[in-house]
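Secondary and tertiary structure notes
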Amino acid sequence: MDLSAINPVLLIASLMVAATPLLLAAIGELVVEKSGVLNLGVEGMMIVGAIAGFAVAVESGSPLLGFVAAAIAGAALSVLFAILTQFAQANQVASGLSLTLFGLGLSALMGQSYVGVKPPRMGDIDIPVLSDLPVIGPILFGHDIILYFGIALTAAVWWVLKYSRIGLVLRAVGENHDAAHALGYKVIRIRLAAIMFGGACAGLGGAYISLIRVPQWTEGMTAGIGWIALALVVFASWKPWRALLGAYLFGGVTVVQLNLQAAGVAIPVEYLAMSPYLITILVLVILSADKSSAPASLGRNFHASR
Amino acid sequence: MIRLEKRPQPSRTWPVATPLAAVLATMFFGGLLFAALGKPPVEAIRTIFWEPLFGEFAFYYRPQLLVKGAPLVLIAIGLSLGFRAGIWNIGAEGQYIMGAIFGAGAGLAFYPLEAFYIFPIMVIAGAFGGWVWAMIPAILKTRFGTNEILVSLMLVYVAEQFLASVSLGLLKNPEGFGFPGSRNLQSWDSAHNAELIAGSGMHWGVVAALIAVIFAYVLLNRHMTGYHIRLTGEAPRAARFAGVNPARLVLFCLGTSGALAGLAGMFEVSGPSGQISIDFNVGYGFTAIIVAFLGRLHPVGILLAGGLMALTYIGGDIAQSNLQLPAAAIQVFQGMLLFFLLAFDLLTNFRIAIGKPEVA
C-alpha cells in the first residue's frame, strides 16, 4: 500500500470530473421534482444519453455534437414518461421504472456495434497562464467545457427558480397544481417542459460518462449513477447549490475509493466499490427526517376536469 | 378534438383487456423494431411466441417455460403485495442475489456430506438471506422514514459487489483451478434442486411458485392482512382510521417479498444455474416488476404474466440463434410491454371522447 502516490491536486481535479454526471442529472431531476413530478427514469435517460452521445460523437468526430445529441435523446425518452404520466394518468413510480427498464434495453441494443470503440477526445480548456498556475490551475482551469457548463447550469437553475417569473410558476405548479390551474397556468404544459428539461440534463450526464469520464461504451455503464442522482435531490432538499455540494461529496467518495483501490489498500476491491452506494443509503437515512422542503404535489397526478 | 372523460364508474372490461391490448401493441411495435434492425418482423414475432410452444423443438422448450417462469412468478408475487399497498420494493434483484448466496453458502458448509436435511436448510437460509436484505430498507423506512425505493435499489449494487466478493473468495471452489465461482451444486445430490419429474422442467422452485400464488390469493381475499394491504393501497387515510399499523405492513410486505426473492435465488443457484458466479444474476428481479404489473398485481394474473414473460425469454433465445436477433432487443420488447400496459390503463378510468366538451 502506498498512499503517498495519491496526489491531492489530481484527486480534487478528478473528483470534479466524477461529480459532473451526477450534478447534471440531479439538477435536471430537481427541476422536474420542483414541478411536482417524480421521474424515477433518470438511470434510463442517462444510459440512453450515454450511448446516443457516444454514437454521434464517434460518427461525427465531434464530442460537442455528441453532447447535443445526448440531450435530445434524453429529452425524447422523457417524453414517453410525460405521455404516460401527464396524459395517460399512469402511476409515476411505475412509469419511471418502465422508462429505466426500457432505456437499459434500448441502450444495449443501440450500443452493440460501439463496444471497444474509442470516442473522439474532448479537449480541455487551456487558458494560458491561468491553467499553468500550481495547484489552482489544474483544479479550476484545466477542465472540459461541459464541467463548467454543469456549474453554470446550477447557477442558472438557482437563479431562475428563485428570482424569475417562470421559476415562480414552476414552483406554484409543484406546490399546488389545483391552485395553479385555477390561476390559469397550464399545469400539464409546464410539467411537460420540466420533464423534458430533466431528460435533457440526464442525457448530458450520461454522455459525460461515456465521452469524458470513462471514454468508452459498455452496457449498463451508468451503474446506478442515475439512482444516486435521485438520492442527491433528496440530499439537496431541492436546493441547487446543495445539489452541487452533494455531487462533489459523492464524486469525492467515488474518486477516493478508486484511488484506494489503485493504491492497493488492504480492504478488498469489492467492498471499496460498494462504498458509494452504502454512503448514499447513510446520507438518505440522516436526511430523511426532514421532508418539509419537498414540493407538496410531488408524485401526484393532475387531471383538469375534476 | 380528442379529450379524456372520466368514467363515472371504473370500467370492468378494461383491467382484463389491457394486458392483452398491451401484448398486441408490443407485438406490433416490436415487429417494427425488428424490421428496423433488418430482421423479418412477422417471422421474429412468430419465433418468439409460437416456436417455444408449438414449434419443432417445443418438447425441449416447454419445460424451460417452467424453469424461467418460476423465479419470475415467485418474485413478482412478493412484489405485488407491496405494490398494492404503495410500498415499492425495487431491489428484488439484490434480495435474489443474497438468497442465492445464503442458500448456497449454507449448503456448502456441509460439503461433501450427503444428508436429507441439507436441502431444507438451504431453502430456509435462502429465504432468510432475501428477508434480511429486504429488512434493511424496511427498518430504515419504519424507523427514519427513508425512501424504500432508493434504499432497496442501492442495495442491489451492494449485493452485486458482495456476489463478486464471495465468488472470488469465501465461496470459491477450492478445486476450481483458480477460476471465480463456487462448486457446482448440480453434481452434489444433497444440495441439487433437481427436476422432480425428468424432462418436465418441474423443480422445487416451480412448486414454491405455485404455493406462493395460492398463498397470496388466500391472503388477499380471505385474510385480515390482505384486507389491510388492499385498503392501504386504495385509501391510505381510511386505512389509518381502520387501525392499520403502517409500520407492520411495511415490514410484512418488504419481508415477504424479500424472502420470496431470496427463495427464487436459492432455487436458481441450486438448480438451473448450479453455482455462485460473478454474473449469476440475470435481471429476474427487475423483469419481475414487469410481471407484477402485467399480472395486474393479482396472483393468478401474475402466474399468467410470468408464463408470458418466460416465453419472451425463451423465444428471444431462439430468435437470437435462428435470426441473429440481438439479446437486447428482447429487453426492449419487455420494457415496451410495460409502457403500453401503463398507457392503456388509462381506459379503465377514462373514456376517450371525440368532439367538443359538452357545456355543463
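The structure displayed is predicted, hence computed values, not measured ones.

What counts as what
- Per chain, the residues get numbers from 1 upward, laid out in the order the sequence is written.
- Note on labels: chains are lettered from A, ligands numbered from 1, in written order.
- Totals for whole chains, interfaces and linings use all residues, but because this is a predicted model, local features are given only for residues with pLDDT of at least 70 and pairs of side-chain atoms are given and counted only at 80 or more.
- With hydrogens and water set aside, each side-chain value is computed from the structure's full complement of heavy atoms.
- Only DSSP runs of H or I with at least four residues qualify as helices, and only runs of E with at least two residues qualify as strands; both kinds are numbered from the N terminus onward.
- The cut-offs for exposure are 20% and 50% of the maximum accessible area for each residue type, with area from a 1.4 Å probe on protein chains only; residues under the lower value are buried, those over the upper are exposed, and the others partly exposed.
- Throughout, a residue-residue contact means that at least one pair of heavy atoms, one from each residue, lies within 4.5 Å.
- As a reference, a globule follows 2.2 Å times the number of residues to the power 0.38, and the radius of gyration itself is taken over C-alpha atoms.
- Accessible area, probed at 1.4 Å, shrinks when two parts are joined; the buried area is that loss added up over both.
- Each residue receives one of three labels: charged for Asp, Glu, Lys and Arg, nonpolar for Ala, Val, Leu, Ile, Met, Phe, Trp, Tyr, Cys and Pro, and polar for the others, Gly being one of them.
- Each patch is built from residues lacking any salt bridge and having more than 30% relative accessible area; the joining distance is 9 Å for like charges and 5 Å for nonpolar side chains (Val, Leu, Ile, Met, Phe, Trp, Tyr).
- Accessible surface is estimated by sampling points in the Shrake-Rupley manner with a 1.4 Å probe; for residues, cover comes only from the protein chains shown.
- Here a salt bridge means any side-chain nitrogen of Lys or Arg lying within 4 Å of a carboxyl oxygen belonging to Asp or Glu.
- Expected span, for any helix, means 1.5 Å times one less than how many residues it has.
- Only four residue types enter the tally: Lys and Arg on the positive side, Asp and Glu on the negative side, with His and both chain ends excluded.
- For this analysis, a ring pair means two rings from Phe, Tyr or Trp (six-membered ring only for Trp) whose centres lie within 6.5 Å, classed as stacked if their planes differ by under 30 degrees, edge-to-face if by over 60, and tilted for the remaining angles.
- To get an axis, fit a line to the C-alpha atoms, keeping to the stretch in contact for a helix; angles then go from 0 to 180 degrees between the N-to-C directions.
- Oblique is the label for any angle not under 35 degrees, not over 145, and not in the 65 to 115 range, which are roughly parallel, roughly antiparallel and roughly perpendicular in turn.
- Here is the rule for handedness: rotate from the far helix to the near one, and if that takes an anticlockwise turn smaller than a right angle the crossing is left-handed, while a clockwise turn gives right-handed.
- The predictor's confidence in any single residue is recorded as pLDDT, a number from 0 to 100.
- Each polar contact in these results corresponds to two N or O atoms within 3.5 Å; when the atoms are within protein, one needs to be able to donate a hydrogen and the other to accept it, and residues that are neighboring in sequence are counted only if both atoms are side-chain atoms.

**As for the overall build of chain A**
The secondary structure content of chain A amounts to 12 helices and zero strands. Here chain A holds 306 residues, and 56% of them are scored as buried. Put simply, 78% of the contacts in chain A that link residues at least 6 apart link residues at least 24 apart.

**Digging into the overall build of chain B**
The helix and strand inventory of chain B stands at 15 helices and two strands. Taking 21 Å as the expected radius of gyration for a compact globule of 360 residues, we find that chain B reaches 22 Å, a close match to that expectation. Counting only C-alpha atoms, chain B reaches 80 × 55 × 35 Å along its principal axes. Evaluated residue by residue, chain B yields a buried proportion of 56% over its 360 residues. Taking contacts inside chain B between residues at least 6 apart in sequence as the whole, the part at least 24 apart equals 76%.

**Focus on the environment of B:Phe286**
Of note, B:Phe286 is situated in helix α12 (residues 284–294). Each C-alpha atom, one on B:Phe286 and one on B:Trp204, is 22 Å from the other, the two residues being 82 residues apart in sequence.

**Considerations on the interface of chain B and chain A**
Between chain B and chain A, the residue contacts involve 39 residues of the former and 44 residues of the latter. Taking both sides of the interface into account, the surface hidden between chain B and chain A amounts to around 3600 Å²; carbon and sulfur atoms contribute 82%. By residue number, the principal contributor to the side of chain B that touches chain A is helix α7 (residues 148–168) of chain B, which donates 13 residues. When its residues are assigned to classes, the side of chain B that touches chain A shows 33 nonpolar, six polar and no charged.

**Some words on a nonpolar patch on the surface**
Residue and element names in this part refer to chain B. Judged by side-chain polarity, Ile214, Tyr217, Val218, Val300 and Leu304 come together as a nonpolar surface patch covering roughly 480 Å² of accessible area. Counting only elements with at least two residues in the nonpolar patch, the list comes to α8 (204–222) and α13 (299–323). For the nonpolar patch, the element with the highest residue contribution is α8, accounting for three residues. The residue Val300 is located in helix α13 in this model.

**Considering helix α9 (residues 187–213) of chain A**
Helical periodicity: at 3.6 residues per turn, an α-helix aligns residues three or four positions apart in one direction. Residue and element names in this part refer to chain A. In this model α9 runs 37 Å from its N-terminal to its C-terminal C-alpha over 27 residues, within 8% of the 39 Å that 1.5 Å per residue would give. Of all the 27 residues making up α9, 20 are buried; the element is thus mostly covered by neighbouring parts of the structure. Positive backbone phi, approximately 20°, marks Pro215, located one or two places after α9.

**Details of the side chain of A:Lys34**
Residue and element names in this part refer to chain A. Considering the arrangement of structural elements, one finds Lys34 in helix α1 (residues 8–34). Buried and without a salt bridge, Lys34 has Glu175 as its closest oppositely charged side chain, separated by 5.2 Å. Setting aside anything within four residues of it in sequence, one finds Lys34 in contact with Leu161, Leu170, Arg171, Gly174, Trp238 and Pro295.

**Comments concerning the packing of aromatic side chains**
Residues and elements named next belong to chain A. In total, this model carries 26 aromatic pairs over all chains according to the counting rule given. Between Phe54 and Tyr114, the aromatic rings sit 6.2 Å apart at their centres with planes inclined by 85°, giving edge-to-face as the arrangement. Taken together, the residues Phe54 in helix α2 (residues 42–60) and Tyr114 in the loop between α4 (92–110) and α5 (136–141) connect sequence positions 60 residues apart. Chaining the aromatic ring pairs together yields one cluster made of Trp158, Trp159, Tyr163 and Trp241.

**A short note on the packing of helix α2 (residues 41–49) of chain B against α13(B)**
Residue and element names in this part refer to chain B. Where α2 contacts α13, the axes come no closer than 6 Å and their chain directions differ by 130°. Considering the angle they form, α2 stands oblique to α13. By crossing handedness, the relation of α2 to α13 is classed as right-handed. Between α2, through Glu43, Ala44, Thr47, Ile48 and Phe49, and α13, the contact on the second element is made entirely by Leu308, Leu311, Thr312, Gly315, Gly316, Ile318, Ala319 and Leu323.

**Section: the pattern of salt bridges**
Opposite charge on two side chains allows them to pair when their charged atoms are near. A full pass over the atoms with the stated rule returns two salt bridges over all chains. Where B:Glu148 meets B:Lys141, a salt bridge forms, and the shortest distance between an N and an O atom there is 3.0 Å.

**Thoughts on the packing of α1(A) against α9(A)**
Residue and element names in this part refer to chain A. Contact pair α1 / α9: the axes reach a minimum separation of 7 Å and the direction vectors enclose 170°. In terms of orientation, α1 and α9 fall into the roughly antiparallel class. Only Ala194, Ile195, Phe197, Gly198, Cys201, Ala202, Leu204, Gly205, Tyr208, Ile209, Ile212 and Arg213 of α9 make contact with α1, whose side of the interface consists of Val17, Ala18, Thr20, Pro21, Leu24, Ala25, Ile27, Gly28, Val31 and Val32.

**Quick look at the confidence of the model for chain A**
Model confidence for chain A is summarised by a mean pLDDT of 84, while 90% of its residues fall at 70 or above. For chain A, the element scoring lowest by mean pLDDT is α5(A), at 68; α2(A) scores highest, at 91.

**Some thoughts on the side chain of B:Ser80**
All names here are of chain B. Of note, Ser80 is situated in helix α4 (residues 58–84). For Ser80, a relative accessible area of 2% puts it in the buried group. A polar atom in the side chain of Ser80 sits 2.7 Å from the backbone oxygen of Ile77.

**What to know about unusual backbone geometry**
A positive phi is found at A:Ser237, a non-glycine position, where the angle reads about 50°. Checked against the element boundaries, A:Ser237 lands in the loop between α10 (225–235) and α11 (240–263).

**Observations regarding the environment of B:Met202**
All names here are of chain B. Tracing the backbone shows Met202 in the loop between α7 and α8. Taking C-alpha positions, Met202 is 7.2 Å from Pro63, a pair spaced 139 residues apart along the chain. The contacts of Met202, once residues within four sequence positions are left out, are Leu66, Ala194, Glu195, Leu196, Ile197 and Val207.

**Quick look at the environment of B:Ala76**
Residues and elements named next belong to chain B. With respect to the helices, strands and loops of the structure, Ala76 is situated in helix α4. We classify Ala76 as buried; its relative accessible area is 0%. It is 4.8 Å that separates the C-alpha atoms of Ala76 and Ala292, two residues lying 216 residues apart in sequence. With near-sequence residues (within four places) excluded, Ala76 lies in contact with Ala288, Val291, Ala292 and Ile302.

**A word on the confidence of the model for chain B**
In this model, chain B carries a mean pLDDT of 85, and residues with pLDDT of at least 70 account for 98%. Both confidence scores are given for the complex: pTM 0.88, ipTM 0.85.

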